[in-house]
Structures are given as structure tokens and as C-alpha cells.
Amino acid sequence: MSYSVKLEIYEGPLDLLLKLIEQNRVDIYDIPIATITDQYLDSLEELAEVDLELLADFLLVAATLINIKTRMLLPRPRVDETMEEEEDPRQDLVNRLVEYRSFKALAQALEQRYEGVLPRVYFRDPQELEPQVELHATLAQLVRSFRNVWIEREETEIPVKIPEGDVDIREQMQVIEEWCSKRRRGLKLQDLFVGAVSRREALVLFMALLELIRQGRVRAAQDEPFGPILISKTWSRENVG
Amino acid sequence: MLVREELKGAIEAILFARAEAIHVEEIARITGVSREDAQIIMTELAQEYNERKSGIEIVSSETGFVMCTRPEYHEYVKEASSPQVTRLSQAALETLAIIAYRQPITRAEVEAVRGVRADRALQSLQKRGLIEEVGKKSAPGRPVMYGTTGEFLKLFGLTSLQDLPPALEEEVHNG
Amino acid sequence: MLVREELKGAIEAILFARAEAIHVEEIARITGVSREDAQIIMTELAQEYNERKSGIEIVSSETGFVMCTRPEYHEYVKEASSPQVTRLSQAALETLAIIAYRQPITRAEVEAVRGVRADRALQSLQKRGLIEEVGKKSAPGRPVMYGTTGEFLKLFGLTSLQDLPPALEEEVHNG
């Protein structure tokens, strides 16, 4: 007798085996291994419809079944008197099937609770409160943010408008020169603008810087691409003198 | 048919699990009593909770009856709700940083630094109690100036604004 | 300091709003009473709910006290609660059962029991918040171990893992 089954409806090879055992009304502890193996292999003919991952799992159990069948067909070795009763070749498989069957039953029991078939308790969703908010922030983040935004400011604020007459570029040029002479290694471009509280002040500083560079009184150098631009005083002969 | 006490219990259970308003007609349908009886029992139940000064109360609204916590106990409830950890958005953090280092500062000045509008960030920082209005600038339009609060110091574990680490080399030199 | 009745009310409100198990120590902390007092009041409160045959009961589990509906009224609650929209697949249910009873357990161990790959089932259970990673096994490759969540208990109407339906005879038989 052949059982035509669709493998998709089985949860796996153990599930298929359990169904076959059930259909044959045989004792799980005394499986007629030859019959069940044949039926199992017949079922595998439907495998074309099963994805490969699943196929591997089904084939593994098929191999186990064939192995057990072979061992049971072989004449049993004479039992040594000192040895305990020889283990049934089916034992491992039976243990697995029994274990799997018990979990299937537990899954079903859970499902019944879930669907409210069995008496159960119900909980509620937490009340919608204004949640107690715990704010997380670190000082390092704060400082980093300030640096980022302050430095970015210089990059985004390229002067687009000539400042009005109330700004003294000459004065700012002097200021920059003073700063530079205090620092032998030079002054970072963005640090130049730290003190500036308004766009206009920053703008004037920038123009003053450009003018100084044009006159060759300070120079701007960048050691590496994207590195900091350093402003330093040009130590020309007249300056030294 | 349920006896009165059982009916009450059933309604309590329904209200508890429902977590939202349920109409008296639906209660009547589920418990199999008349609308009038359901209404009577509901009212009685609500009264019992009130008399007992229970932490739970049953209130009726136009959408039906709903079980909720009694307002008197809200501070405990608030304390019990698991705190949610939130972080400041980048925009809020940057705005806060500018205010911290350059306070007092007006919105326009913050915007000049960040190059984008700052009203939403300022609003959220103010709502969280991290910044506050500290005066008006003596400039046209007398714009509001912002500064950080004690809450701000607490959040960053500072005892005073002097504890703010120098953000730029310049500040070290100047200081 | 709260008087006894207020304390009860506060605890009721906390249990109601929290909607999940809360430890007696946390209740003590929130209400500002000693652990012992909190324990006494909790027990008294639970008894009152039982005597009144309220639709709500307060159960204690290993994770603390939790409010839920009294099982006797379960059919009314079921009727009143909105139907579960998504059902768990058979594969997911079996996987969940194995994890619930054998936790903490690795994927390979789950697969050994079911005889098929479990990654998809694990993924879907994890996405629904029913299981979570609870650590790594001290074995080659340090595989992830899974356990069930509080959400799992709630969904299946369990107040603690001890409430799981008892495992079957075969298990006893083997053990």
C-alpha cells in the first residue's frame, strides 16, 4: 500500500514519520520498520515540490530509516553472556519521535491557551502614560557638537556680501598679525573665528586675513588634504629686522 | 444567567482586559443581560471603586465605560512606568552646545552659527527644561536671550558652567 | 507617608498601570514603605480581590505581583477582547514550545528536536517579541541561546513559566 502525501503539510521528517505511524496504527515503541520505511520513501517522491533545505532534512531521516532496516535484516550477532541485552537499532529514532511528539502536544496545548479554548487569564496593555523620559547625553557629545558646528560655520559662511562701512578691516588685520606672532606654529583657521559673535565680525576677520595673505604678511598652509589650515606670520627680512 | 456577584466579576474582568472604553450595550450582549441591568451594575461597580478609594476607577464617557487609574495616585503610577531612554537629536544637541558656550544668546545668533532655523530645537530644549529665557537683548526688537538651566548642569554632571570643558584651543589660551 | 488605605490604592494603581509583574521591592521603593510592609499590604490586597470574587486577581509569581483577569471569567473576556489577528504557524508554535520548556536553548538544539531547520521560525518569533537572545553557550562557536520573553507569558495568559502546562508522560518516562 502506498501513501501519497504532500510534504509541504508536514512540519518535517519526524512529523511525517509520526503521521505514518498514526495511520498504520502501530506502536511507536515497536515500529514495523520495513513498512514505515517503504511508505516514507514513497512519500519522498513528492519531494520535487519541496525546497532544497527541507529536502536535505527529509533525506537524512530516510538514510537513518534505511540504516535501521538493514541492521534489522542482518542476522543478530550471538549475544555474549556478559553483555546486556542488545540495544534495539530503532531505539534512538524512537526516542527522538517520542520527544518530538511530546513537544507537538505541548505546542497544541499552548495554541489552545492562545486561542482561549482553555481557561486562561488575560492581561492588559500598559496604560498609556506620559512616559517617564530619561535623557541620555554626554559632555563629550556636547563638546563635539560645538566644535562641529563652529568649524562648519566657517565653511558654510563664505562671504557673499561686502560688509558695510562700520567695520575696520585694518584693525582686524592687526589683530590677526598679533595672534600669529604669539604662535610660532601658527593658528588654525577655524580658531580665528572663535571670538566672532556675529556674521559680520567673522566676515571682516576673513577679509582681513585675505588681505594679509595677499600682501604676503601671513601665509596659510595645509599640510595634508582636509587637514587643518594653519595661519602663520611670514618672517620676512624686514620683519626680522 | 449569571448571579449578581458573578455578573460584576465578569464586567470587571472585561473592563480590565479591554484597556479601552466599552459600550454598555456590548457588555449587555457579552454577559447576556439587558441593557438596563448592565447599566445598573456598571454604575454600582463604579461607585464601589470610588467608595473604596481604589487605585482603579471606572469612568464613563460618551464611548462607554473605561477602567483607569485614579488621578490621586498618578505620581506613583508615573514613578512605576518604566523609564524610556531618549537622546537629544543632533540639531538639539548642537543648539544646546552653542547656547552653553555662548550664553546669553538670541535665536538669531544661534541660527547664524548653525545656518538653519533653530525654533524647533529651542522649543524642545525649553520643554525639556535644559534652556530658559534669561533676558532680552538691548537690540532692535529686543530679542529674547537664552541660557542653560540647572537641569542642564545636572544632565551633564556639571556643578557650574565653569566646569564646561574648553571646546576650542582658543578658549584655553584666552582663559 | 501614606496611610494604609492610600497605600493600598497606590499599589492598585501601580499594578493596574504597569500591566506586568512588578517586584515587591520596587513597590516598596515607589511608595516609600519597607519591603515587609509592602509585602503585607500586597497580600492583603490580593486576598480582598479573592474574597470579593472580583473579575481581577492579583497573582504572585517569581518575577513579582501581577494583575490579571480571574480564570473563571475567561470566556467573557475572550468574547470582549479583540480577536488575535495573526496566528502563529505550526512551525513557530512547535519551536516556541521547545524553547519554553528547554530554555535556554540554542538553534542547533531546537533543530535536533524538530528534525528541520529552525532559522525562519526563530526569526519570526524574535520579531514578534516572543523569544529573545539570553546569552551565549560556552561551547565551540559560542552559539546564541534563546529564551522566552514577558510578552510570551502575556500572549499565552501565563503569569510565570511555572504556569506552563505540565510536560507529558513520555518526558517523565524518559526522565
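These numbers were taken from a predicted model, which means no experiment stands behind them.

A. Structural detail: the sheet that holds strand β5 (residues 131-136) of chain B. All names here are of chain B. As summarised here, the arrangement of the 3 strands in space is β4-β6-β5, forming an open sheet in which the pairing is antiparallel. On the outer flanks of this sheet lie β4 (105-106) and β5, each paired with one strand and no other. Across 5 bridges, β5 lies against strand β6 (residues 144-148) in antiparallel orientation. Residue K136 lies in a different strand from β6, and its bridge partner there is V144.

B. Inspection of the confidence of the model for chain A at higher detail. The predicted model of chain A has a mean per-residue pLDDT of 76, with 73% of residues at 70 or higher. Note on residues 237-241 of chain A: pLDDT is under 50 here. Beyond four places in sequence and across chains, it has 3 contacts.

C. Structural detail: the interface of chain C and chain A. Taken together, the contacts link 51 residues of chain C with 37 residues of chain A. The contact between chain C and chain A buries some 4100 Å² in all, and 60% of this surface belongs to carbon and sulfur atoms. Scanning the region where chain C abuts chain A turns up 3 salt bridges. The closest approach of N and O atoms between R102(C) and E99(A), which form a salt bridge, is 2.7 Å.

D. Quick look at the nonpolar core. One finds I58(B), M67(B), I58(C) and M67(C) to be the most contacted residues of the largest nonpolar core, which totals 57 residues. Aside from chain neighbours lying at most four places away, what touches I58(C) is L15(C), M42(C), L45(C), A46(C), Y49(C), F65(C), V66(C) and M67(C). Within the second largest apolar cluster, 34 residues are counted, among which are I105(B), A118(B), V144(B) and L153(B).

E. Highlighting the environment of D163(B). Residue and element names in this part refer to chain B. With respect to the helices and strands, the residue D163 is situated in the loop between α8 (150-155) and α9 (169-174). For D163, a relative accessible area of 37% puts it in the partly exposed group. A sequence separation of 10 residues divides D163 from L153, and the C-alpha atoms of the two residues are 9.2 Å apart. Side chain to side chain, D163 and T159 meet in a polar contact 2.5 Å long.

F. Main features of the packing of helix α2 (residues 24-31) of chain B against helix α3 (residues 35-51) of chain B. All names here are of chain B. Here α2 crosses α3 at 110°, and the two axes come no closer than 8 Å. Considering the angle they form, α2 stands roughly perpendicular to α3. Listed contacts from α3 to V24, E25, I27 and A28 of α2 are R35, A38, Q39 and M42. Grouping the constituent residues of the contact of α2 with α3 by class yields 5 nonpolar, 1 polar and 2 charged.

G. Highlighting the pattern of salt bridges. A full pass over the atoms with the stated rule returns 42 salt bridges over all chains. Measuring nitrogen to oxygen at the nearest pair gives 2.9 Å for the salt bridge that ties D30(A) to R90(A). Of this pair, D30(A) sits in the loop between α1 (13-23) and α2 (33-44) while R90(A) sits in the loop between α3 (52-73) and α4 (91-114), and the two are 60 residues apart along the sequence. In this structure, E44(C) engages K8(C) in a salt bridge whose closest nitrogen and oxygen atoms are separated by 2.9 Å. Remark: K8(C) occurs in helix α1 (residues 4-18) and E44(C) occurs in helix α3 (residues 35-51); sequence separation between them is 36 residues. Salt bridges sharing partners connect three or more residues here, namely E11(A), D15(A), K19(A), K104(A), E94(C) and R114(C).

H. Spatial organisation of the confidence of the model for chain B. Residue and element names in this part refer to chain B. Considering every residue of chain B, the mean pLDDT works out to 86; 93% of them sit at 70 or more. The element-level mean pLDDT for chain B is lowest in α9, coming to 52, with β6 highest at 94. Interface confidence for the predicted complex, given as ipTM, is 0.64, next to a pTM of 0.59.

I. A look at the interface of chain B and chain C. Counting residues at the interface gives 28 residues for chain B and 29 residues for chain C. Contact between chain B and chain C buries roughly 2500 Å² in total, counting both sides, with carbon and sulfur atoms accounting for 67%. Here chain B is connected to chain C by 4 salt bridges. Salt-bridge contacts for R52(C) lead to E12(B); the nearest nitrogen and oxygen are separated by 3.7 Å. In this structure, the connection of chain B to chain C is made through 7 residue pairs in polar contact (both at pLDDT 80 or more). Counting only elements with at least two residues in the side of chain B that touches chain C, the list comes to α1 (4-18), α2, β2 (64-69) and α4 (74-80) of chain B. The greatest single-element share of the side of chain B that touches chain C, amounting to 10 residues, is contributed by α1(B). Tallied by class, the residues present in the side of chain B that touches chain C amount to 15 nonpolar, 5 polar and 8 charged.

Cut-offs and rules
- Positions within a chain are numbered from 1, following the residues in the order the chain's sequence is written.
- Lettering of chains starts at A and numbering of ligands starts at 1, both following the order in which they are written.
- The predicted nature of this model means local features are confined to residues of pLDDT at least 70 and side-chain atom pairs, given and counted, to a pLDDT of 80 or more, with totals for whole chains, interfaces and linings taken over all residues.
- Side-chain metrics rest on all non-hydrogen atoms present in the structure, leaving aside hydrogens and water.
- What makes two strands pair is DSSP finding at least two bridges between them.
- Numbering of helices and strands runs from the N terminus, with a helix taken as a DSSP run of H or I at least four residues long and a strand as a DSSP run of E at least two residues long.
- pLDDT expresses, on a scale from 0 to 100, how confident the predictor is about each individual residue.
- Here a residue-residue contact requires only that any non-hydrogen atoms of the pair lie within 4.5 Å.
- Buried surface area refers to the total accessible area, computed with a probe of radius 1.4 Å, that the two partners give up upon joining, counted for both partners together.
- Definition used for salt bridges: Asp or Glu carboxyl oxygen within 4 Å of a side-chain nitrogen of Lys or Arg.
- Residues belong to one nonpolar core when they are buried, are Ala, Val, Leu, Ile, Met, Phe, Trp, Tyr or Cys, and are joined through side-chain atoms within 4.5 Å.
- Throughout this description, buried means an accessible area under 20% of the type-specific maximum (1.4 Å probe, protein chains only), exposed means over 50%, and partly exposed covers the range between.
- Polar contact criterion, stated in full: a pair of N or O atoms within 3.5 Å, where within protein one must be able to donate a hydrogen and the other to accept it, and residues adjacent in sequence count only if both atoms are side-chain atoms.
- Note on geometry: axes are lines fitted to C-alpha atoms, helical ones only across the stretch in contact, with angles between N-to-C directions running from 0 to 180 degrees.
- Roughly parallel means an angle under 35 degrees; roughly antiparallel means over 145; roughly perpendicular covers 65 to 115; every other angle is labelled oblique.
- In this classification, the charged set is Asp, Glu, Lys and Arg, the nonpolar set is Ala, Val, Leu, Ile, Met, Phe, Trp, Tyr, Cys and Pro, and all remaining amino acids, among them Gly, are polar.

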